[in-house]
Amino acid sequence: MDLISIRDLEKKEIKEILDSAEEIEAGKKKPDLHGKILATLFFEPSTRTKLSFQSAAMRCGMQTLDFSPETSSLKKGESFHDTIKTVEGYADVLAIRHPKEGAVRLAADVISKPVVNGGDGGNQHPTQTLIDLFSIRKIKGKMEQLNVTLMGDLKHARTMRSLVYGLAMFGSNVTLVSPKGLEMDSTYLEEVSKKFGLNVKMKDKPEYADADVLYVCRIQAERFADPYEAKSVQAKFMIKKEDLKDAKKDLAILHPLPKINEIENSIDEMPQAQYFKQAHYGVPLRMAVLEHVMKR
Amino acid sequence: MSTLNVDTIDMGTVVDHIKAGKGGKVLEILGIDKDYKHRIALVMNVASKKGGTKDIVKIQGKIVDDKTANLIALISPGATINIIKDEKVSKKFRVELPEKLDGLGTCPNPNCITNIEQCKNSFTKVDGANYRCHYCERKFQADELA
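Calculation criteria
- Residues numbered from 1 in each chain as written.
- Chains lettered and ligands numbered in written order.
- Predicted model: local features only at pLDDT ≥ 70, side-chain atom pairs only at ≥ 80, totals over all residues.
- Helix = DSSP H or I, 4+ residues; strand = E, 2+ residues; numbered from the N terminus.
- Rg over C-alpha atoms; globule rule 2.2 N^0.38 Å.
- Buried ≥ 20, exposed ≤ 12 C-beta atoms within 10 Å, placed from the backbone.
- Contact = placed C-beta atoms within 7 Å.
- Domains from an automatic or database assignment.
- Pairing = 2+ DSSP bridges.
- Nonpolar A, V, L, I, M, F, W, Y, C, P; charged D, E, K, R; others polar.
- Right-handed = clockwise from strand over helix to strand, strands pointing away.
- Axes fitted to C-alpha atoms, helices over the stretch in contact; angles between N-to-C directions.
- Parallel < 35°, antiparallel > 145°, perpendicular 65-115°, else oblique.
- Left-handed = near helix turned anticlockwise from the far one by under 90°.
- Core = buried A, V, L, I, M, F, W, Y, C linked by C-beta atoms within 7 Å.

Chemist: How do you make sense of the overall build of chain A when you look at a structure like this?
Modeler: Along chain A, the regular secondary structure elements total 10 helices and 9 strands. Rg of the C-alpha trace for chain A: 19 Å, near the compact-globule value of 19 Å for 296 residues, within the 12% margin. Expressed along its principal axes, the backbone C-alpha trace of chain A runs to roughly 55 × 45 × 40 Å. Relative to its full complement of 296 residues, chain A shows a buried share of 46%. Long-range pairs, those at least 24 residues apart, make up 75% of the contacts in chain A with a sequence separation of at least 6.

Chemist: Would you explain the domain arrangement of chain A in this entry?
Modeler: Size of an interface, as often reported, equals the accessible area lost when the parts are brought together. Residue and element names in this part refer to chain A. For chain A, the assigned domains read domain 1 (6-124 + 281-294) and domain 2 (126-279). Relative to domain 2, the C-alpha centre of domain 1 lies at a distance of 25 Å. Every contact between the two is made by 20 residues of domain 1 and, on the other side, 20 residues of domain 2. Of all the secondary structure elements, the ones that give two or more residues to the side of domain 1 that touches domain 2 are helix 1 (11-25), strand 4 (115-120) and helix 10 (282-294).

Chemist: Mind showing me how you'd approach the pairing of strand 5 (residues 88-94) of chain B here?
Modeler: If a strand is regular, its side chains alternate between the two faces of the sheet. All names here are of chain B. Counting buried residues along strand 5, only 0 of its 7 residues qualify, which leaves the element largely exposed. Sheet topology places strand 4 (residues 80-85) next to strand 5; 6 bridges connect them, and they run antiparallel. Bridge assignment links T80 to a residue of strand 5, and that residue is R94. A loop of 2 residues connects strand 4 with strand 5, the two strands running antiparallel in sequence, and D86 in this loop sits at a positive phi of about 50°.

Chemist: Mind showing me how you'd approach the interface of chain A and chain B here?
Modeler: Tallying the contact residues gives 15 residues for chain A and 14 residues for chain B. Of all the secondary-structure elements, those providing two or more residues to the side of chain A that touches chain B are helix 3 (80-87) and helix 4 (103-110) of chain A. Top contributing element to the side of chain A that touches chain B by residue count: helix 4 of chain A, with 3 residues. Partitioning the side of chain A that touches chain B into residue classes produces 3 nonpolar, 8 polar and 4 charged.

Chemist: Please explain the environment of V200(A) as it appears in this structure.
Modeler: Mapping V200(A) onto the fold places it in strand 7 (residues 200-203). Placed 10 residues apart in sequence, V200(A) and E190(A) show a C-alpha to C-alpha distance of 9.9 Å.

Chemist: Explanation requested: the pairing of strand 3 (residues 93-98) of chain A in the structure shown.
Modeler: Residues and elements named next belong to chain A. Burial runs high along strand 3: 6 of the 6 residues are buried. Side-chain alternation along strand 3 places V93, A95 and R97 on one buried face and L94, I96 and H98 on a second face that is also buried. Strand direction decides the pairing type here: strand 3 and strand 4, joined by 4 bridges, are parallel. What sits directly across from H98, in strand 4, is D120. In this fold, the crossover linking strand 3 to strand 4 by way of helix 4 has right-handed handedness.

Chemist: How should the domain arrangement of chain B be read in this particular structure?
Modeler: Residue and element names in this part refer to chain B. For chain B, the assigned domains read domain 1 (11-94) and domain 2 (100-145). Distance from the C-alpha centre of domain 1 to the C-alpha centre of domain 2: 24 Å. Counted by class, the side of domain 1 that touches domain 2 contains 4 nonpolar, 1 polar and 1 charged residues.

Chemist: How should I be thinking about the packing of helix 1 of chain A against helix 10 of chain A in this particular structure?
Modeler: To describe two helices that pack against each other, one gives the angle between their axes and the distance between the axes. Residue and element names in this part refer to chain A. At a closest axis distance of 8 Å, the pairing of helix 1 and helix 10 adopts a crossing angle of 125°. With respect to helix 10, the element helix 1 is oriented oblique. Relative to helix 10, helix 1 is oriented so that their crossing is right-handed. Packed against helix 1, whose contacting residues are I17, S20, A21, I24 and E25, the element helix 10 presents P284, L285, M287, A288, V289, E291 and H292 at the interface.

Chemist: Just to check I follow, could you spell out the packing of helix 5 (residues 126-140) of chain A against helix 10 of chain A for this structure?
Modeler: Residue and element names in this part refer to chain A. Running from N to C, helix 5 and helix 10 point in directions that differ by 120°, and their axes come no closer than 10 Å. With respect to each other, helix 5 and helix 10 are oriented oblique. For helix 5 against helix 10, the interelement crossing comes out right-handed. Residues T127, L130, I131 and F134 of helix 5 touch helix 10, and the partners they reach there are G282, L285, R286 and V289. Of the residues assigned to the contact of helix 5 with helix 10, the class counts are 5 nonpolar, 2 polar and 1 charged.

Chemist: Just checking my understanding: could you explain the sheet that holds strand 5 of chain B for this structure?
Modeler: Each strand in a sheet pairs with its neighbour through backbone hydrogen bonds, running either in the same direction (parallel) or in the opposite one (antiparallel). Residues and elements named next belong to chain B. Ordered in space as 2-3-1-4-5, the 5 strands form an open sheet in which the pairing is antiparallel. Two strands in the sheet have a free side with no partner beyond their single neighbour: strand 2 (40-47) and strand 5. Strand-to-strand twist of the sheet, defined as the mean angle between neighbouring strand axes without regard to direction, takes the value 15°. Where strand 1 (residues 11-19) and strand 3 (residues 53-60) come together, 6 bridges link them in antiparallel fashion. The residue of strand 3 that forms the bridge with G12 is Q60.

Chemist: I would appreciate a short explanation of the nonpolar core in the present structure.
Modeler: Proteins that are soluble and globular tend to have nonpolar side chains buried together. L150(A) and V164(A) are the most contacted members of the largest nonpolar core, which has 115 residues in total. The contact partners of L150(A), leaving out residues within four places of it in the chain, are M160(A), L163(A), V164(A), V174(A), L176(A) and Y215(A).

Chemist: Explanation requested: unusual backbone geometry in the structure shown.
Modeler: The bulk of non-glycine residues show a negative phi, and the bulk of peptide bonds are trans. All names here are of chain A. Of the consecutive residues L257 and P258, the connecting peptide bond is found in the cis state with omega at 10°. With respect to the element layout, P258 can be found in the loop between strand 9 (252-254) and helix 9 (275-280). For L257, which is not a glycine, the phi torsion comes out positive at approximately 60°. In this structure, L257 sits in the loop between strand 9 and helix 9.

Set out below in structure tokens:
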């Protein structure tokens, strides 16, 4: 089977993957995919997604093949379609990231080997969503009835769109905090609300006093026409140590990383900072995903 | 009230009850351009018996197929297609929004892979007159796809 979009997964299936990752993380289980090959095809930069896919594969006994667009026949004008059809013959499962939305779905449609989406443009990043849900459940012990605040550029961040969907599915209370003009697409929110009865609050100023989880993403300067406005918005949305005085003591701060300047470095050492742990959960979670897609 | 007379056609298609203002787009969907050799009539903003105004298109020498009818439905659901043979209506049907569009329409999202790679578009009707692109997963109004 393929894993392309969080929309393709039922709640039961997500729980199965999270439970499996939990057993792997606790050392109670180790998927055996010995003799299989994972190909990682990343058409845009990545640190965590690619490396944790490769690490997960190696820990499952797999071997990995890495594709580099810079040194491939893409430079000679080869199409994405032909590249994928070729690699199909070299690997047993493909993890793909591509800047164009829908590219990974196209890959899954044209080959018979399992395909996992490592991020397609501003559309989906389902394994990141699974890591986020896993991290929340692991750190807070539950997802239902938790107050989860998502803060940053909610218009362009694919991780946020997928995460809202996942949180809504598990009954969390969601608050969206974003600068004006960088709000999450309202038709998407309507769809999620209609499907899962999500009760969502929206704010344009940083506020997270009642949050159990604060999930932060980057505000990119290039989204603003005026560099001065970009700096001022970034400064306003930056989380500083002193801002956490009014927050819940057991607040968990998550971030898909890379973080640039949206969280003050001094917060890294605080117990609330859970983002590096979240990044490390990428390995057991992706081991569970590889097992899930290879065995179906 | 003055009358506007348009010649009858002996073989071709009449598209009636087109949403007012969309007649030009129907010609575009039918692939009619300045090089088309036969007679064409585009009548815009005429009174409709059902109330309001409508556009009508008459094309000599072109028979609309089901695929094209689906595209017309995207911009004007409820339009009627009359296929004319030997000056008589040989088939008449009303176009309706299809549940699925395969290999038809264009995704309006410039960052969708379908606008970069050669592949068959696919849209599924999700609610009312809205469709979701199978690839980029975005939702669009039907008339944006034509």
